[in-house]
There are 2 protein chains.
Amino acid sequence: MLDRTHPTPLWRQLQNDLIRRLRAGEFTDTFPGELTLVDTYRVSRHTVRQALRHLREEGLVAATRGRQPRVAHTAEVVQPLDTLYSLFASVEATGRTQTSQVRVLDIRADGVIADQLDLEGSTPLLHLERLRLADDEPLAIDRVWLPAAIAAPLLDADFSRTSLYAVLADRTGTRLDHSSENIRAVIPTGAERALLRCPADTACLSIHRRGESAGRPVEWRHTLVRGDRYTVTAEFSVTEGYQRRPI
Amino acid sequence: MLDRTHPTPLWRQLQNDLIRRLRAGEFTDTFPGELTLVDTYRVSRHTVRQALRHLREEGLVAATRGRQPRVAHTAEVVQPLDTLYSLFASVEATGRTQTSQVRVLDIRADGVIADQLDLEGSTPLLHLERLRLADDEPLAIDRVWLPAAIAAPLLDADFSRTSLYAVLADRTGTRLDHSSENIRAVIPTGAERALLRCPADTACLSIHRRGESAGRPVEWRHTLVRGDRYTVTAEFSVTEGYQRRPI
DNA sequence: CAGTGGTCTAGACCACCGA
DNA sequence: CGGTGGTCTAGACCACTGC
């Protein structure tokens, strides 16, 4: 189960294994308590608590003194605003299964979008539109445009289960190193609400992102996320050299 | 030194005492190591580490294995924490006038809010509720709670034209050095929409903020911002990480 | 009542760093 | 080399929760 000879600390191995089991859906609602984990993994309680600390801080597991610990199925995805994030990764990190329905994948020209990317209006762009789901429940409508000169190799990729950024880096070697986003609150149109299957009283976050690689704009993206399932978080600290907690 | 009969955990008492000594300038550059603290405070190393964890995460103390621990010199300059709320100030920079209507300013207890601040439910809190306007047009409903033990001197302040953080720093010397925010999209209630005088089809950004000073929570804030007038922006660079700034 | 998490102790070995 | 923080163990008592 755990490898005591491996240089990775025991508590991190334990943490990873618990995340794996969480993703595998092994704990539908209840979650083992600390003493149970001590027995099953044959480690001290201190080690168990160190492994659990991160899971609890991440909100994956809800535990209160006296009560039966539970898997926190907060019906929402929490998005830290501290990394160049991928919606795919943040959904998977919560133990949910992320899938996408590809609605559009083609190459076209669009003067408005090209303008945002500092390109000529007639420049061909690869356009990908996906309905993104977490555990088969609609989460967001995601539209992204990339210059065809860079992204053409993605035309035949399967985006139903993979991250755009992963495919982009894999097939073209392009990695985003800079991005800027605008986040607004909007009320979805009737068509959007129907597609997202969200209640009538639900607002959405409208996120525009412009991504760059080596100083060149390579991505214009618009994501419409259900407000009842998604939260953006941000952390600030005045101190220099502030180290973010690992995982 | 530490009171073992007091209900406050030992590690919290130790943390508070270390913060007190830090503020008193007792440690100019070097900082005692863990074993030193074990000796001086007569507690176990586990307790010392639990107390130090927050100080290190906050960046107040820099410690690396093998090296002499040091006091982290927090860039002595201003509090850059008003990224979002200087958004209101930046409105003035664009030529508009920003004002506030103070709707509530009193001291009360609120168990739910106190819980968010890690305080006892009966702890008195200073509560300030403002309707914030730009050029006499409503922008946001801003509610903030601070422990009365710290913020009581603000009871007779005039908040119609001034920043809370400025008054807080001026009258109490407290400056926020850390905060975390959650940003969601919501649809305002009828009362909120009426107060904000916004159209029926307008969504809002709901922003919860928890602010800390020297590792202790001092502010719980909820701001409801009109989605049709404000955008939150974020920048990311691989070299610099994310920084949010207002538009 | 049994089980939960929160706190605390007193040990131990290790990797790392600077003198 | 001595001191640092990182990890880990094997205990213990307590407050709280739900049955």
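Owing to the predicted nature of the structure, the values given are computational and were not obtained by experimental measurement.

Some remarks on the protein's contact with DNA strand D
- Near DNA strand D, the surroundings consist of 25 residues, among which A:Arg4, A:Leu10, A:Ser44, A:Thr47 and B:Arg45 are the closest.
- Near-protein atoms of DNA strand D (within 4 Å) split between backbone and bases, with sugar and phosphate holding 61%.
- In this structure, a phosphate oxygen belonging to DNA strand D sits 2.2 Å away from a main-chain N or O atom of A:Leu10.
- Side-chain polar atom of B:Arg49 to a phosphate oxygen of DNA strand D: 3.2 Å apart, as the coordinates give it.
- Those elements giving two or more residues to the surface near DNA strand D turn out to be helix 1 (10–23) and helix 3 (45–57) of chain A together with helix 2 (34–41) and helix 3 (45–57) of chain B.
- Take the surface near DNA strand D: its biggest share by element is four residues, from helix 3 of chain A.
- Taken together, the residues of the surface near DNA strand D sort by class into six nonpolar, nine polar and 10 charged.

Some thoughts on the packing of helix 2 of chain B against helix 3 of chain B
All names here are of chain B.
- Direction vectors running N to C along helix 2 and helix 3 enclose 120°, while the axes themselves pass 9 Å from each other. Looking at the two axes, helix 2 sits oblique to helix 3. Handedness of the crossing formed by helix 2 with helix 3: right-handed. Residues Glu34, Leu35, Leu37 and Val38 of helix 2 pack against Arg45, Val48, Arg49, Leu52 and Arg56 of helix 3.

A word on helix 3 of chain A
All names here are of chain A.
- An ideal rise of 1.5 Å per residue puts 18 Å on 13 residues; helix 3 measures up with 18 Å between its terminal C-alpha atoms.
- Along helix 3, the residues that are buried comprise Thr47, Val48, Gln50, Ala51, Leu52, His54 and Leu55.
- Looking at the buried positions of helix 3, the neighbouring elements they touch are helix 1, helix 2 (34–41) and strand 1 (61–62).

Concerning the pairing of strand 6 (residues 137–147) of chain A
All names here are of chain A.
- Counting buried positions along strand 6 yields nine of 11 residues, so the element is predominantly enclosed.
- Relative to strand 6, strand 5 (residues 124–134) is paired through 10 bridges, and the arrangement is antiparallel. For Glu129, the partnering residue across the bridge sits in strand 6 and is Arg143.

Digging into the pairing of strand 4 (residues 124–134) of chain B
Residue and element names in this part refer to chain B.
- Burial of strand 4 is extensive: 10 of the 11 residues sit out of reach of the surface.
- Of the strand pairs in this sheet, strand 3 (residues 98–109) and strand 4 are connected by 11 bridges, and their pairing is antiparallel. Bridge pairing in strand 4 links Leu105 to Leu128.
- As consecutive antiparallel partners, strand 4 and strand 5 (residues 137–147) are separated by two residues, and within that stretch Asp135 has a phi angle of approximately 50°, a positive value.

Concerning the domain arrangement of chain A
- Segmentation of chain A into domains returns domain 1 (10–71) and domain 2 (77–233).
- Here the C-alpha centre of domain 2 of chain A lies 33 Å away from the C-alpha centre of domain 1 of chain A.

Examining the packing of aromatic side chains
- For the structure on display, the rule yields two aromatic pairs over all chains.
- Relative to B:Phe31, the ring of B:Phe27 lies with its centre 4.9 Å away and its plane at 65°, an arrangement referred to as edge-to-face.

A few points about the side chain of B:Ser206
- In this fold, B:Ser206 is placed in strand 7 (residues 204–213).
- Among the polar contacts listed, one links the side chain of B:Ser206 to the side chain of B:His222, at a separation of 2.8 Å.

Some thoughts on the protein's contact with DNA strand C
- Around DNA strand C sit 25 residues, and of these A:Glu34, A:Arg45, B:Arg4, B:Leu10 and B:Thr47 come closest.
- Near-protein atoms of DNA strand C (within 4 Å) split between backbone and bases, with sugar and phosphate holding 60%.
- A distance of 2.8 Å separates a phosphate oxygen of DNA strand C from a polar atom in the backbone of A:Glu34.
- Elements with a minimum of two residues in the surface near DNA strand C: helix 2 and helix 3 of chain A together with helix 1 (10–23) and helix 3 of chain B.

Some remarks on the packing of helix 1 of chain A against helix 3 of chain A
Residues and elements named next belong to chain A.
- Two numbers describe how helix 1 lies on helix 3: the axes approach to 8 Å, and their chain directions differ by 50°. Classified by the angle their axes make, helix 1 and helix 3 are oblique. Here the hand of the crossing between helix 1 and helix 3 comes out right-handed. Contacts between helix 1 and helix 3 pair Leu10, Trp11, Leu14, Gln15, Leu18 and Ile19 from the former with Thr47, Val48, Gln50, Ala51, Leu52, His54 and Leu55 from the latter.

Notes on the environment of B:Arg143
Residues and elements named next belong to chain B.
- Looking at the secondary structure, you find Arg143 in strand 5.
- Linking Arg143 and Trp11, residues 132 residues apart in sequence, is a C-alpha distance of 32 Å.
- Apart from residues no more than four positions distant in its own chain, Arg143 is found in contact with His127, Leu128, Glu129, Trp220, Arg221 and His222.
- Among the polar contacts made by the side chain of Arg143, one reaches the side chain of Glu129 at a distance of 3.4 Å.

Thoughts on the nonpolar core
- Formed by 22 residues in total, the largest nonpolar core has its most connected members in A:Leu205 and B:Leu205.
- Those elements that provide at least two residues to this core are strand 6, strand 7 (178–186), strand 8 (204–213) and strand 10 (230–237) of chain A together with strand 5, strand 6 (178–186) and strand 7 of chain B.
- Every residue in contact with A:Leu205, bar those within four places of it in the chain, is listed here: A:Ile183, A:Arg184, A:Thr223, A:Leu224, A:Val225, A:Tyr230, A:Val232, B:Ile183, B:Arg184, B:Ala185 and B:Leu205.

Let's talk about helix 1 of chain A
Residue and element names in this part refer to chain A.
- Taking 1.5 Å as the rise per residue, helix 1 with 14 residues should run 20 Å; its terminal C-alpha atoms sit 20 Å apart, in good agreement.
- Burial analysis of helix 1 places 10 of its 14 residues in the buried class, the great majority of the element.
- All of the buried residues along helix 1 are Trp11, Arg12, Gln13, Leu14, Gln15, Asp17, Leu18, Ile19, Arg21 and Leu22.
- In this structure, the buried residues of helix 1 make contact with helix 2, helix 3, strand 1 and strand 2 (70–71).
- Looking one or two places after helix 1, you find Gly25, whose phi comes out positive at around 75°.

Cut-offs used in this document
For every chain, the first residue of its written sequence is number 1, and the numbers climb from 1 along that sequence. Written order decides the labels, with chains lettered from A and ligands numbered from 1. For a predicted model such as this one, the threshold for reporting local features is a pLDDT of at least 70, and the threshold for listing and counting side-chain atom pairs is 80 or more; totals across whole chains, interfaces and linings nevertheless cover every residue. Note: side-chain values were computed over all heavy atoms of the structure, leaving out hydrogens and water. We define proximity as follows: a residue is near a molecule or strand when any one of its heavy atoms falls within 4 Å of that partner. Residues adjacent in sequence count toward polar contacts only when both atoms are side-chain atoms; beyond that, a polar contact is any pair of N or O atoms within 3.5 Å, and within protein one must be able to donate a hydrogen and the other to accept it. Strands here are runs of E lasting at least two residues and helices are runs of H or I lasting at least four, both read from the DSSP assignment and numbered beginning at the N terminus. All amino acids are sorted into three groups, where Ala, Val, Leu, Ile, Met, Phe, Trp, Tyr, Cys and Pro are nonpolar, Asp, Glu, Lys and Arg are charged, and the leftover types, Gly among them, are polar. Fitted lines through C-alpha atoms give the axes, limited to the stretch in contact for helices. The angle between two N-to-C directions lies from 0 to 180 degrees. The labels follow the angle: roughly parallel below 35 degrees, roughly antiparallel above 145, roughly perpendicular from 65 to 115, and oblique for the rest. The handedness criterion is simple: a crossing whose near helix is rotated anticlockwise from the far helix by less than a right angle is left-handed, and one whose near helix is rotated clockwise is right-handed. Whether two residues are in contact is decided by their heavy atoms: any pair within 4.5 Å suffices. Take the number of residues in a helix, subtract one, and multiply by 1.5 Å to get its expected span. Throughout this description, buried means an accessible area under 20% of the type-specific maximum (1.4 Å probe, protein chains only), exposed means over 50%, and partly exposed covers the range between. Any two strands between which DSSP finds at least two bridges are classified as paired. Note that the domain bounds reflect an automated or database-derived domain assignment. Any Phe, Tyr or Trp ring, taking Trp's six-membered ring, that has another such ring centre within 6.5 Å forms a pair; planes under 30 degrees apart are called stacked, those over 60 apart edge-to-face, and the others tilted. Buried Ala, Val, Leu, Ile, Met, Phe, Trp, Tyr and Cys residues form a nonpolar core when they are joined through side-chain atoms within 4.5 Å.

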